[in-house]
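# Structure at a glance
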Amino acid sequence: MTSRPSPRDTDCRTTCPYCGVGCGVVVGSDASAAVSGDRDHPANLGRLCVKGANLHETTGLAGRLLYPRVNGQSVGWDRALQASADAIRASVERYGPESVAFYLSGQLLTEDYYVANKLAKGFLRTPHVDTNSRLCMSSAVAAHKRAFGADVVPGCYEDLELADLLVLVGSNTAWNHPVLYQRMKAAAREGRRVVVIDPRETATTELADLHLRLRPGSDTVLFNGLLVWLADHDGLDQGYIEAHCWGFESAMTAARDGALSVADVARRCDLAEADVVGFYRLFSATPRTVTAFSQGVNQSAAGTDNGNAIINCHLATGRIGRPGASPFSVTGQPNAMGGREVGGLANTLAAHMDYESEADRALVRSFWDVDELAAGPGLKAVDLFEAVHRGQIRVVWIMATNPAVSLPDATRVREALSRCPTVIVSDCMADTDTAAYADILLPAAGWGEKSGTVTNSERRISRQRAFLPLPGDARSDWWIISSVARRLGYGAAFDYDGPAAIFREHAALSACGNDGQRTFNLGRLAHLSDQDYDQLAPLQWPVTGQSPQGTQRLFGDGQFDTPDCRARFVPINPVAPIQQPTVAAPMVVNTGRIRDQWHTMTRTAKSARLLQHRSEPFIEINPLDAQSGGLAHGELGMLTRGNNRYIGRVRLTDAQRPGEVFVPIHWSRRYAAEALASGLIAAVTDPVSGQPELKHGIARLSPFRARWQARVLTRPGQFTPDSAEYWSQAPQADCDSWWLAGRNRVDWAQDAERWLGGIPQLVMADPARGVFRAARLSEGQLQAILLVDTAGSRLPDISWLIECFAADPLSDHQRRALLAARDIEREDIGAVVCSCFQVGERQIARAIEAGATSTEALADQLKCGSHCGSCLPEIKELLRPHASGGLSSEAGTR
């Protein structure tokens, strides 16, 4: 997709809108608005992943929501804002404040988040304000608060490099946080060790000296066992425990109650005893240890316990907030932490204050100058939408997120939205699964159009800056929320003239009454001028008079945010995942992100380059399960849970444990017929954090026996896949690409005109081989092409055909080759591995055969892996058969 011209004379320094790494981005001032990594930003030091490097391809206006809509009709802002205010007012007057809910997002800027929470909890007095960060970070939040007394990440990115032992738990960093992975990889040195703890073999395990492929849901067993090992092998820091902690004895008693010998741990985690001992010895012997954890730990019904089991081991060894020594929660979204700072979670107030503290409630109440606050805590995400379903919540305002796709038990969420009397959706995209249920659609500014701040995983606040004009009637979220607040009669409290004013208020609240009781403090920033705000350089909170340039690490002095300043050990009693395999659903389902996509693809699907790596939904399956289930690589498979189905392309891999499958979370009903990963996940949550168990579902696996499969390429918006039981769409720059399959009979020669949107000019049929192909042209341009296979996996690669849609007119050579679907004079590169330089699998294989048997040699010859580095693990997989040594059966090597 082409980007919009950038109307500036100078480059713009801003922040990437994807994961929680928070990379600095420099946007060029020329017409392409191309992006590069900001070498001066401490998070990435100039590095970018493939998603960040292609941000300029996602700023086009195709598919954008540009004007407000009420009941499906385009209207002006006055009517849309008044309709929103009227719906909220009427519901509060008739059913009370708790009949209104807000569902926010880690994609919002901190200023947007702050205003939404102030309106809801302070003025409407509804506690039902939650965020999609509930789905990724709330268990880490709860674990931090139980152990440290506050939601504080003690360490920083530098610690990932300084650590002599890096333990990665439930984190495919290479794909989900690629720039952090690059920093980890660059820190390799003699004596440094990396342990990866993950049921799957992922791109990240390429970094591992030891890979523990534990049974899903057994993390607490492993880390309870580590705590016992430390106690039994003189690995505790008794002085630190006695001086700075509380509750060690009860935590140790709980760990020992499981009779956790190494043999017990190995059996319950399904690991080799030697590997368990190897990990425990490394941890015990390495003072500079960082344990970084992410969704594999958090997205569990025991997510909070998982986090505290890890933190217990760090407290027991005094490895908190010291250079190269800390537990480290890797955040999923660009502003999940910023949302937590302003009270974006239903169980918190602004500025890291709590409902449970009357002093906190009084402080916020006084600061906002309101008589009362919400009665809170409110309903957390899963319970919030269940309340919508039963009619308790009658107005829900959803901002910058797509819960119809991302929440577990998606079918019930959609039922809830369809029942809700008023659904308000603020979004920058017009056609999302959630927007389909909206009574009121409000066009929000997107990345590059809005200005504010975000906070990354290491507590670093960075500026997002606008470099594009607001398109149509799109407005910043803070403006939309404040405008509704004014129509509700709260104008004086929401009379902001820009995001700088909101940030100053947010910073002032963090310092109000804060004489060191709360670590979160931005007091030094409460009086920034607009100019200083605009020029604000990245810095880590707290930012106070004592630390005006920010604070790199916390708790290194052993002083925590608890009343007695001591950290808390938490007793952990391991429990098995709630969703256990059954006869009807014998497979364990793991869900997650893939390398080149983000959330529900509303942004990344606008970049054709990002759809090359994995262009359709898939199911990763162990070959043993495929054999017993009658599935083959490249065929379609189906996962079933109740009435929910997921259909995707089968990918056989030993990276999956037998009995377990992996599916990506990204495909929605906007881009595929039946590929909602969330439909395979029950609404099971952690009892402390309320975070859903998104990494552990169950389903039945079976083949999808298609009578035919096809590819259709058409001009954008010219095709509807009504006749296909299976379909998946991958938008391209000049055409839409479709995967199709069905179990019905089709007379292709007779129906080709309907599939192509007109009479084809080129037709080729070979019934004996089960092949049919047809193309429609107009005025020398390719308009549509249909490629059908009824006999097996013979569908060709379409990369060359995609290029043909840009030809005006087609050359004679292109026209003759259309039905062959490839230019025989050009190299067949195969599936794209390196998105940055468009290097395919077959190209790499040929180069390896010709003697380029290292990543360096391949980079010199093909450039693959030399830019963002996200493809390096896959390149190394292709190199593996040519390596002299090879990997051990139970542990990876560098």
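It should be emphasised that the depicted structure is a prediction, and the values quoted were computed from it without experimental measurement.

Broken down by element type, the chain carries 29 helices and 34 strands. A compact globule built from 894 residues should have a C-alpha radius of gyration of about 29 Å, and the chain, at 27 Å, falls within 12% of that. Its C-alpha atoms put the chain at 80 × 70 × 55 Å along the principal axes. The buried share among the 894 residues of the chain stands at 64%. Expressed as a percentage of contacts within the chain between residues at least 6 apart in sequence, the contacts between residues at least 24 apart total 70%. Entry remark: accessible area of the chain is about 31300 Å², with carbon and sulfur atoms responsible for 47%. The averaged location of the 100 negative side-chain charges in the chain is 2 Å from the averaged location of its 91 positive side-chain charges.

A few words now on the sheet that holds strand β8 (residues 165-169). If you trace the five strands from one edge of the open sheet to the other, you get β10-β9-β8-β12-β13, paired in parallel fashion. The open sheet has two edge strands, β10 (210-212) and β13 (326-329), and neither has a second partner. Each strand of the sheet is rotated relative to its neighbour by a mean of 15°, with strand direction disregarded. Against the sheet, helix α12 (residues 273-285) makes contact with β8, β9 (193-197), β10 and β12 (289-293), and its axis sits at roughly 120° relative to β10, the strand it touches most.

Tallied over the full model, the rule gives three cavities of 30 Å³ or more. Roughly 110 Å³ of internal volume is contained in the second largest cavity. Cys16, Cys19, Cys23, Cys49 and Val179 are the residues nearest the centre of the second largest cavity, which is lined by 14 residues in total. Within the residue set of the lining of the second largest cavity, elements represented by two or more residues are α1 (50-53) and α7 (178-186). Of the residues in the lining of the second largest cavity, the class split is nine nonpolar, four polar and one charged.

Our next topic: helix α21 (residues 499-511). Between the first and last C-alpha of α21 there are 19 Å, a value that for 13 residues agrees with the 18 Å anticipated at 1.5 Å per step. Of all 13 residues in α21, 10 are buried, a share of seventy percent or more. Taken residue by residue, α21 has Pro499, Ala500, Ala501, Ile502, Phe503, Glu505, His506, Ala507, Leu509 and Ser510 as its buried positions. Those residues of α21 that are buried lie in contact with α3 (110-124), α15 (336-341), α16 (358-368), β17 (452-455), α20 (477-487) and α22 (530-534). In the segment just after α21, glycine 513 is the residue with positive phi, at about 65°.

Following both chains from N to C, one finds helix α4 (residues 138-148) and helix α14 (residues 303-316) inclined at 45°, their axes separated by 8 Å at the closest point. With respect to α14, the axis of α4 lies oblique. Crossing angle aside, the handedness with which α4 passes α14 is right-handed. Side by side, α4 and α14 meet where Ser139, Ala142, Ala143, His144, Arg146, Ala147 and Phe148 of the first sit next to Gly303, Thr304, Asp305, Gly307, Asn308 and Ile311 of the second. Of the residues that constitute the contact of α4 with α14, the class distribution is five nonpolar, six polar and two charged.

With that out of the way, let us pick up the side chain of asparagine 312. As for its placement among the helices and strands, asparagine 312 is situated in helix α14. Aside from chain neighbours lying at most four places away, what touches asparagine 312 is Leu227, Ala251, Arg568, Phe569, Val570 and Ile572.

This part covers unusual backbone geometry. Here the residue pair tryptophan 541 and proline 542 is connected by a cis peptide bond, since its omega of 5° sits within 30 degrees of zero. Following the sequence through the fold, proline 542 ends up in the loop between β19 (539-540) and β20 (567-568). Each neighbour pair has its own omega, and for aspartate 808 with proline 809 the value is 0°, a cis peptide bond. By the secondary structure assignment, proline 809 is in the loop between α25 (799-804) and α26 (812-817). Residue cysteine 565 is not a glycine yet carries a positive backbone phi of 65°. Its location among the elements puts cysteine 565 in the loop between β19 and β20. On the basis of relative accessibility, which here comes to 30%, the residue cysteine 565 falls in the partly exposed class.

Across the chain, the average pLDDT comes to 94, with 97% of residues at or above 70. Within the model, pLDDT remains below 50 along residues 884-894, and this stretch shows 26 contacts once partners closer than five positions in the same chain are excluded.

Next up on the list: the environment of histidine 613. Assignment of secondary structure puts histidine 613 in the loop between β21 (587-592) and β22 (618-621). In the structure, histidine 613 is positioned 19 residues away from isoleucine 594 in sequence and 9.3 Å away in space, judged by C-alpha atoms. The contacts of histidine 613, once residues within four sequence positions are left out, are Trp175, Arg595, Asp596, Val832, Val833, Ser835 and Glu874. Only 3.5 Å separates the side chain of histidine 613 from the side chain of arginine 614, close enough to count as a polar contact. Here the side chain of histidine 613 touches glutamate 874 through a polar contact of 2.7 Å, side chain to side chain.

Attention now goes to the pairing of strand β29 (residues 736-742). Most of β29 is tucked away, with seven of its seven residues classed as buried. Every second residue of β29 is oriented toward a common face, with Asp736, Trp738, Leu740 and Gly742 on one face and Ser737, Trp739 and Ala741 on the other, all of them buried. In the sheet, strand β27 (residues 708-714) pairs with β29 via seven bridges, with the strands oriented antiparallel. When the sheet's bridge partners are listed, tryptophan 708 is paired in β29 with glycine 742. With six bridges connecting them, strand β28 (residues 726-731) and β29 associate as antiparallel partners. Counted as the bridge partner of proline 731 is aspartate 736 from β29. Between β28 and β29, which pair antiparallel in sequence order, lie four residues.

Turning our attention to the packing of aromatic side chains. In the structure shown here, the tally under the stated rule is 27 aromatic pairs. Consider the rings of tryptophan 708 and tryptophan 755, whose centres lie 5.7 Å apart with planes at 85°: the pair is edge-to-face. Of the two residues, tryptophan 708 sits in strand β27 while tryptophan 755 sits in helix α24 (residues 748-756), which places them 47 residues apart along the sequence. On the basis of relative accessible area, tryptophan 708 is assigned to the buried category, the value being 2%. Through a chain of ring-to-ring contacts, three or more aromatic side chains come together here, namely Trp708, Phe719, Trp727, Trp738, Trp748 and Trp755. Lying over the aromatic face of phenylalanine 662, arginine 200 brings its terminal NZ or CZ to 3.6 Å of the ring centre. Above the ring of tyrosine 18, the side-chain terminus of arginine 603 is found at 5.3 Å from the ring centroid.

Evaluation of the coordinates by the stated rule reveals zero disulfides. Lacking any disulfide linkage, cysteine 23 is separated from the closest cysteine sulfur, that of cysteine 16, by 6.0 Å.

Okay, the environment of proline 403 next. By secondary structure assignment, the location of proline 403 is in helix α18 (residues 403-406). When the C-alpha atoms of proline 403 and glutamate 358 are compared, they prove to be 33 Å apart, with 45 residues separating the residues in sequence. Ignoring sequence-local partners within four residues, the contact set of proline 403 consists of Tyr103, Phe385, Ile398, Val413 and Thr434.

As a volume, the second largest pocket reaches approximately 720 Å³. As for the second largest pocket, its lining consists of 35 residues, of which Gly516, Gln517, Arg518, Thr519 and Asp561 are closest to the centre. Residues belonging to the lining of the second largest pocket are distributed by class as follows: 10 nonpolar, 15 polar and 10 charged.

Analysis parameters
- Residues numbered from 1 in each chain as written.
- Predicted model: local features only at pLDDT ≥ 70, side-chain atom pairs only at ≥ 80, totals over all residues.
- Heavy atoms only, no water.
- Helix = DSSP H or I, 4+ residues; strand = E, 2+ residues; numbered from the N terminus.
- Rg over C-alpha atoms; globule rule 2.2 N^0.38 Å.
- Buried < 20%, exposed > 50% of the residue type's maximum accessible area, 1.4 Å probe, protein only.
- Contact = heavy atoms within 4.5 Å.
- Areas by Shrake-Rupley, 256 points an atom, 1.4 Å probe, with all protein chains shown as cover.
- Lys, Arg positive; Asp, Glu negative; His and termini not counted.
- Charge placed at Lys NZ, Arg CZ, Asp CG, Glu CD.
- Pairing = 2+ DSSP bridges.
- Axes fitted to C-alpha atoms, helices over the stretch in contact; angles between N-to-C directions.
- 1 Å grid on protein atoms, 1.4 Å probe; cavity = no way out; pocket = protein on both sides within 12 Å on 5 of 7 lines; lining within 4 Å.
- Points joined across faces, edges and corners; volume = space filled by probe spheres on them.
- Nonpolar A, V, L, I, M, F, W, Y, C, P; charged D, E, K, R; others polar.
- Expected span 1.5 Å × (residues − 1).
- Parallel < 35°, antiparallel > 145°, perpendicular 65-115°, else oblique.
- Left-handed = near helix turned anticlockwise from the far one by under 90°.
- pLDDT = per-residue confidence, 0-100.
- Polar contact = N/O pair within 3.5 Å; in protein donor to acceptor, adjacent residues only side chain to side chain.
- Phe/Tyr/Trp six-rings, centres within 6.5 Å; stacked < 30°, edge-to-face > 60°.
- Lys NZ or Arg CZ within 6 Å of the ring centre and 35° of its normal.
- Disulfide = S-S within 2.5 Å.

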